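As a plain string of letters, each chain reads:
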Amino acid sequence: MSESYAGKINRKLLKKRRIINAAAGREPSDLVLKNATYVNVFSNELCHADIAVAEGLIVGMGQYSGTVEEDCTGKIVLPGFLDAHIHLESSLVSPKEFVKAVLPHGTTTVITDPHEIANVMGTDGIEYMLQATEGLPVDVRFMLPSCVPATPLDESGASLDYRAIDSFYDHPRVQGLAEMMNFVGIIAGDDQPVEKIVAAQAHHKKIDGHAPDLVGNDLNAYIAAGVYSDHECHDLNDAIAKLERGQFIMIREGTAARNLDALAPLLCDKYSERCMFCTDDKHPNDLLEKGHIDYIVKRAIGLGVEPITAVKVACHNAARYFLLNNRGAIAPGYLGDFVIIDSFQDFNIERVFKKGELMVDHGVVKDFPAPAIDPYLTERAHSTFHVEHLTAEDFTDARPRGIIGMVNGEITTVDAGYSDRIDVEYDVLKIAVVERHKNTHHIGIGFLQGYGLKSGAVATSVSHDSHNIIVVGTSEDDCAAAANRVVELNGGIVVWDQGKSVAEVPLAIAGIMSDESLTSVNEKLEFAKAKAHELGVNPGIDPFMTLSFMALPVIPSLRITTRGVFDVTTQSYV
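What counts, and at which threshold
- Residues numbered from 1 in each chain as written.
- Predicted model: local features only at pLDDT ≥ 70, side-chain atom pairs only at ≥ 80, totals over all residues.
- Heavy atoms only, no water.
- UniProt positions renumbered as here; feature names shortened; annotations may be inferred.
- Helix = DSSP H or I, 4+ residues; strand = E, 2+ residues; numbered from the N terminus.
- Buried < 20%, exposed > 50% of the residue type's maximum accessible area, 1.4 Å probe, protein only.
- Contact = heavy atoms within 4.5 Å.
- Lys, Arg positive; Asp, Glu negative; His and termini not counted.
- Charge placed at Lys NZ, Arg CZ, Asp CG, Glu CD.
- Core = buried A, V, L, I, M, F, W, Y, C linked by side-chain atoms within 4.5 Å.
- 1 Å grid on protein atoms, 1.4 Å probe; cavity = no way out; pocket = protein on both sides within 12 Å on 5 of 7 lines; lining within 4 Å.
- Points joined across faces, edges and corners; volume = space filled by probe spheres on them.
- Salt bridge = Lys/Arg side-chain N within 4 Å of Asp/Glu carboxyl O.
- Pairing = 2+ DSSP bridges.
- Phe/Tyr/Trp six-rings, centres within 6.5 Å; stacked < 30°, edge-to-face > 60°.
- Domains from an automatic or database assignment.
- Buried area = accessible area lost by both parts, 1.4 Å probe.

In the nomenclature of an unreviewed UniProt entry, the chain corresponds to Adenine deaminase from the organism Dysosmobacter welbionis. The chain has a UniProt comment under Catalytic activity (unreviewed entry) that states "adenine + H2O + H(+) = hypoxanthine + NH4(+)".

J.: Sorry if this is basic, but what is going on with the overall build of the chain here?
T.: A count of helical and extended segments in the chain gives 18 helices and 28 strands. Projected onto its principal axes, the C-alpha positions of the chain cover 85 × 50 × 50 Å. Relative to its 574 residues, the chain shows a buried fraction of 61%. A sequence separation of at least 24 residues applies to 68% of the contacts in the chain between residues at least 6 apart. Taken as two groups, the 50 positive and 79 negative side-chain charges of the chain have centres that lie 6 Å from each other.

J.: Can you walk me through the nonpolar core in this structure?
T.: What tends to happen in soluble globular proteins is that the nonpolar side chains get buried as a cluster. Ranked by internal contacts, the top residues of the largest apolar core, which has 146 residues, are Leu33, Val77, Leu78, Phe277 and Tyr451. Setting aside its immediate chain neighbours within four residues, Val77 contacts Leu33, Ala36, Thr37, Tyr38, Val39, Ile51, Cys72, Ile330, Phe338, Val339 and Ile340. With 22 residues, the next largest nonpolar core counts Leu390, Ala459, Ala481 and Val487 among its residues.

J.: Got a minute to help me understand empty space enclosed by the protein in this structure?
T.: One way to see where empty space is left: roll a probe the size of a water molecule over the atoms. In the structure shown here, the tally under the stated rule is four cavities of 30 Å³ or more. Taken as a whole, the largest cavity holds about 190 Å³ of empty space. Surrounding the largest cavity, 18 residues form its lining, Ser90, Leu92, His283, Val462 and His464 being those nearest its centre. Of all the elements, helix H18 (residues 545–549) adds the most residues to the lining of the largest cavity, at three residues.

J.: What exactly am I supposed to notice about the pattern of salt bridges here?
T.: Once their charged atoms are close, side chains differing in charge can pair, the charge on each being opposite to the other. This structure, assessed with the given rule, holds 34 salt bridges. Each member of the salt-bridge network shares a partner with another, and the members are Asp139, Arg327, Asp337 and Lys354.

J.: It is not clear to me how the sheet that holds strand E12 (residues 248–252) should be interpreted in this structure. Could you clarify?
T.: For sheets, the rule is that strands pair by backbone hydrogen bonds, running either parallel or antiparallel. Here we have three strands laid out as an open sheet, ordered E11-E12-E13, and parallel in their pairing. Since the sheet does not close on itself, it has two edges, and those belong to strand E11 (229–230) and strand E13 (275–278), each with one partner. Alignment of E12 against E13, held across four bridges, turns out to be parallel. Within the sheet, the bridge partner assigned to Arg252 lies in E13 and is Cys278.

J.: Can you walk me through the sheet that holds strand E27 (residues 564–567) in this structure?
T.: Read from one edge of the open sheet, three strands run E26-E27-E28, paired in antiparallel fashion. Bordering the open sheet on either side are strand E26 (558–561) and strand E28 (572–573), each of which pairs with just one other strand. Where E27 meets E28, two bridges bridge the pair, whose relative direction is antiparallel. Each bridged residue has a counterpart across the sheet, and for Phe566 the counterpart in E28 is Tyr573.

J.: Would you explain the packing of aromatic side chains in this entry?
T.: We describe a pair of aromatic rings using the distance from one ring centre to the other and the angle between the two ring planes. In this structure the tally under the stated criterion is seven aromatic pairs. With a centroid separation of 6.4 Å and an interplanar angle of 20°, the aromatic rings of Phe81 and Phe347 are classed as stacked. Here Phe347 lies in the loop between strand E14 (338–341) and strand E15 (349–354) and Phe81 lies in strand E6 (residues 81–86), a separation of 266 residues in the sequence. By relative accessible area, Phe347 is classed as buried at 1%.

J.: I tried to follow the domain arrangement of the chain on my own but got confused; where do I start?
T.: Interface extent is often summarised as the accessible area lost during association of the parts. Structurally, the chain comprises domain 1 (1–74 + 330–362), domain 2 (79–329) and domain 3 (383–573). Of the residues lining the interface, 31 residues belong to domain 2; the matching set on domain 3 comes to 38 residues. Summed over both partners, the interface of domain 2 with domain 3 buries about 2800 Å², with 65% contributed by carbon and sulfur atoms. Considering only the side of domain 2, the residues that lose the most area to domain 3 are Leu92, Leu153 and Glu155, jointly responsible for 28% of the buried surface there.

J.: Would you take a moment to explain unusual backbone geometry for this structure?
T.: Leaving glycine out, the prevailing phi sign among residues is negative, and the prevailing peptide bond configuration is trans. A cis amide bond, omega 0°, links Val148 with the succeeding residue Pro149. Of note, Pro149 is situated in the loop between strand E8 (139–144) and helix H5 (162–166). Residue Ser557 is bonded to the preceding Pro556 through a cis peptide linkage, with omega at -10°. Along the polypeptide, Ser557 turns up in the loop between H18 and E26.

In C-alpha cells form, the structure reads like this:
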C-alpha cells in the first residue's frame, strides 16, 4: 500500500528534525570525520574542523561527536568528484561495473548522455540505462540524446524527434538535452534540432553543446539558440571565444580526446569559474590504469594549476552548472560525498564516502547490488542484431571505390584516391559497414589505407554513432567471416585470421557493452589489441577505437557509411 501524502510529510519532518538536532549538537551525528583538513570551495582555502554527517547530509563543521568517528589527522578531505559529460557505454561494461571502477577514484556523480545505446534501441535504450543506474552509489544523472541518429546519413536503430524524448524530462535524474552535435542544423534554423532546444527550454533544462572550431556569427547564432556549454574545445583561443560569449567550458581528458594540456591556462582566477572537467569516453584500460576525474586533477596540479582551483573545477563548478545544489562542496546541507587523500602532491585516494557511508577503503569497494531491470528491456538489449548470413559476394564490387586515408595518431582522414581491388602490399584494405538494426542488407563498401593489417580481418559492432558492424579485411571472405562472428556473439569485437576467430570481446548488451566484469573485458580487449597488432595493424593506433570512428560522418574528410564512402567536406558520396 502506497504511503499517504501526510505520511510522507511526517517522515520527512522526523528526518529534518534529526538533521537539525545533529547540526546543533543536541544528539550524535551518524558519522564524524574528526580533525579534518578540508577544501572550502566558497572561501578557496583549506579549513580545519570536525565534519559531521546525519541522514546522508553534512550537518556542520566544528566540534562534533558521532556514532562512527573517523580520524582524518594529516589527511585532506575533498568533495566527491563530478564528471560533467560521459557516455557510460564507452566503458564497454554495465553501469554497475562502471561504478565499481570509478568509485575508488573519488567520482560520486556523473552526467551521462546515453546516445550510444539510444542509437541502437531508441527510447528503450534510455529507459534501460535509467533502470540500470537506479540507486547506484555513484549518482548517474542524464542528458537526453539530441542527435539520434547523429546525421541523416546514418542508419540507426531509431530516429528520435523532440516528441519521442519529451516525457523523459519529468524523470528526477534528467538534467537536460545532451550535446547538440548538429550545430549546422541549429545555425540554419532547421526544424528538428531547433524543436529539441525549444522543448528543453520549455522544461527549464540545460542544453549542452558540441561545436568544434565554430567562430564568428555562426558561433553567436549557436549560443543564442540556447546552447550553454561546450566540451569540444581543443584550442585555447576557441575555448576563450566561447567562454567570453557566456558558455561554460568542459575541459575534456578522456581516452579518444585529450585537451587538458591545451586548455590548462583556463584554470586561473580569470576563467576557472566557467570550467569543469569531463572525460566524454573512457575505455577499460584507462579506467584501470590511469583513473577517472582524479587523474585529470592530478595532471592539472602537475601542470602548475593551484590545487584548490583544480579540485573546485572537479566538483563544485559542474554541480552549480547542472543545478545540483546539494553536492560539490563541504558545507551544511550538502551530501556527505567525500574523497580523502593523503596530500595534493601524491594525491592518493584512501577512502571514499557516499552520503556518509564508507564505500571505498584503500581501493576496496564495498559490495552493492545491481539495480533491477525490466525483463523486457533486458531481452531487448540482448537481441539487437537483425542481419542475414553474409558471404564474400556481399563485400565484392568491381567498381572503383574511394580510399579513406588514415592520419597517424588522429581520427581525421584524407582522400587517398580510388581503388577497385584490395592490395595488401600497398596497405589498401577492404572496409565496409553492414546495417544491423533492421535487416535492410545495406552494406557500404570502400577501401582503407594506413591501417596496416596484413592478414585476416577486424570487425566490431562499436561504430560511432549508429553502431552498425564495421569491418576491415585483407579479403572479402575474411570480412564476411569476421562480421558473421560479431552477429553470432550478439555484438562485440572480433579479430579473424586463418579461418577462425583468434581474439574476441563479446558485447552482448546492445552490441556495445559487456555483461562481464571490467577486468575481464579489459583482459580480452588488450589480448585482442595484441592479436590485431600481430596481424600488422599500425602499432601507433588503437585497432578498434580508431576503426569505430571511421563510420562517423561528421569528421573530415572521408568516412564509410552503410551507403558507401562519404566526403564530409563536400557532403557527397565518392
